[in-house]
Amino acid sequence: AQSVAQPEDQVNVAEGNPLTVKCTYSVSGNPYLFWYVQYPNRGLQFLLKYITGDNLVKGSYGFEAEFNKSQTSFHLKKPSALVSDSALYFCAVRGPLNNDMRFGAGTRLTVKP
Amino acid sequence: NAGVTQTPKFRILKIGQSMTLQCAQDMNHNYMYWYRQDPGMGLKLIYYSVGAGITDKGEVPNGYNVSRSTTEDFPLRLELAAPSQTSVYFCASWAAGDLYGYTFGSGTRLTVV
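This text gives an overview of the structure that appears in the document.

How each quantity is defined
- Residues numbered from 1 in each chain as written.
- Chains lettered and ligands numbered in written order.
- Predicted model: local features only at pLDDT ≥ 70, side-chain atom pairs only at ≥ 80, totals over all residues.
- Heavy atoms only, no water.
- Helix = DSSP H or I, 4+ residues; strand = E, 2+ residues; numbered from the N terminus.
- Buried < 20%, exposed > 50% of the residue type's maximum accessible area, 1.4 Å probe, protein only.
- Phe/Tyr/Trp six-rings, centres within 6.5 Å; stacked < 30°, edge-to-face > 60°.
- Lys NZ or Arg CZ within 6 Å of the ring centre and 35° of its normal.
- Disulfide = S-S within 2.5 Å.
- Core = buried A, V, L, I, M, F, W, Y, C linked by side-chain atoms within 4.5 Å.
- Contact = heavy atoms within 4.5 Å.

A closer look at unusual backbone geometry
Backbone torsion omega between threonine 7 of chain B and proline 8 of chain B reads -5°, so that peptide bond is classified as cis. Following the sequence through the fold, proline 8 of chain B ends up in the loop between strand E1 (4-7) and strand E2 (10-13). Residues other than glycine seldom take positive phi values, yet tyrosine 61 of chain A does so here, at roughly 60°. Within the secondary structure layout, tyrosine 61 of chain A lies in the loop between strand E7 (56-58) and strand E8 (64-68). One non-glycine residue with positive phi stands out, namely threonine 72 of chain A, at about 45°. Checked against the element boundaries, threonine 72 of chain A lands in the loop between E8 and strand E9 (73-78). Note on threonine 72 of chain A: relative accessible area 30%, which makes it partly exposed.

See below:
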């Protein structure tokens, strides 16, 4: 079975500060990991992915994520947060033998000016 | 490209009524998915399809049915609406080998009263 946990419902940071949104996963085999962002009344938008290769992956809008196999984690990071980064963030995993993706419960990021 | 198109955007149903949520994609993706999003629960997979004529149950299929007669369309049918089906429904598509994950529709907000 594949699953994702996002331990924080809410993350609050001040504009200009670094941000981290946490994600851990469980899957059989090597994982395919994704981060998506959802703005109000919109569908999910792809941010970045890890399939193989370098553990640090860079994505849209200055976001990056670090794959840690030993800790089964894939935390989303950004060096300097913007107010416009405020949104709902979802981590997702797909196993190599699976046809579908499983999502975490989401973390609401609020960046205050 | 239109991407993934969902209709309607909003709908209010009475208990026991039936309706079909429409989903169409113009990217020739073979995989299509239906998720529901409940507050604090993330996205739960209802049904998915790996190609025309092939469908399979996800995590929460009870109360729903799907069909996939063409590559482009993947409608979701609610036969006897119940208040527990009040949710936001998202359709997504994916092409095998596409490393950018799913493309999501903008969602259908359904309220059952």
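Let us keep going from here.
Points about the packing of aromatic side chains
All told, the structure shown has 20 aromatic pairs over all chains when counted by the stated rule. Pairing tyrosine 36 of chain A with phenylalanine 46 of chain A gives two aromatic rings, centres 6.1 Å apart and planes at 80°, and the pair type is edge-to-face. Here tyrosine 36 of chain A is found in strand E5 (residues 32-38), whereas its partner phenylalanine 46 of chain A is found in strand E6 (residues 44-50), with ten residues between them in sequence. Residue classification places tyrosine 36 of chain A among the buried positions, given a relative accessible area of 0%. Between tyrosine 50 of chain A and phenylalanine 74 of chain A, the aromatic rings sit 6.5 Å apart at their centres with planes inclined by 55°, giving tilted as the arrangement. Placement of tyrosine 50 of chain A in strand E6 and of phenylalanine 74 of chain A in strand E9 is noted, with a sequence separation of 24 residues between them. In this pair, the class of tyrosine 50 of chain A matches that of phenylalanine 74 of chain A, namely buried. Taking the ring centre of phenylalanine 74 of chain B as reference, the NZ or CZ of arginine 68 of chain B above it sits at 5.9 Å.

Considering the state of the cysteines
All names here are of chain A. This structure, assessed with the given rule, holds two disulfides over all chains. Linked covalently through their sulfurs, cysteine 23 and cysteine 91 form a disulfide whose S-S length is 2.0 Å. Taking the sign of the S-S torsion, about -60° here, the bridge from cysteine 23 to cysteine 91 comes out left-handed. Remark: cysteine 91 occurs in strand E10 (residues 87-94) and cysteine 23 occurs in the loop between strand E3 (19-21) and strand E4 (24-26); sequence separation between them is 68 residues.

Things to note about the nonpolar core
Residue and element names in this part refer to chain A. Counting 27 residues, the largest nonpolar core has Trp35, Leu47, Leu48, Phe74, Leu76 and Tyr89 as its most contacted members. For this core, the secondary-structure elements that each account for two or more residues are strand E2 (10-14), E3, E5, E6, E8, E9, E10 and strand E12 (107-112). Here this core gets four residues from one element, more than from any other, and that element is E10. The residues touching tyrosine 89, leaving out its near neighbours within four places in the chain, are Gln6, Trp35, Tyr36, Val37, Leu47, Phe63, Leu76, Gly106, Thr107 and Leu109.

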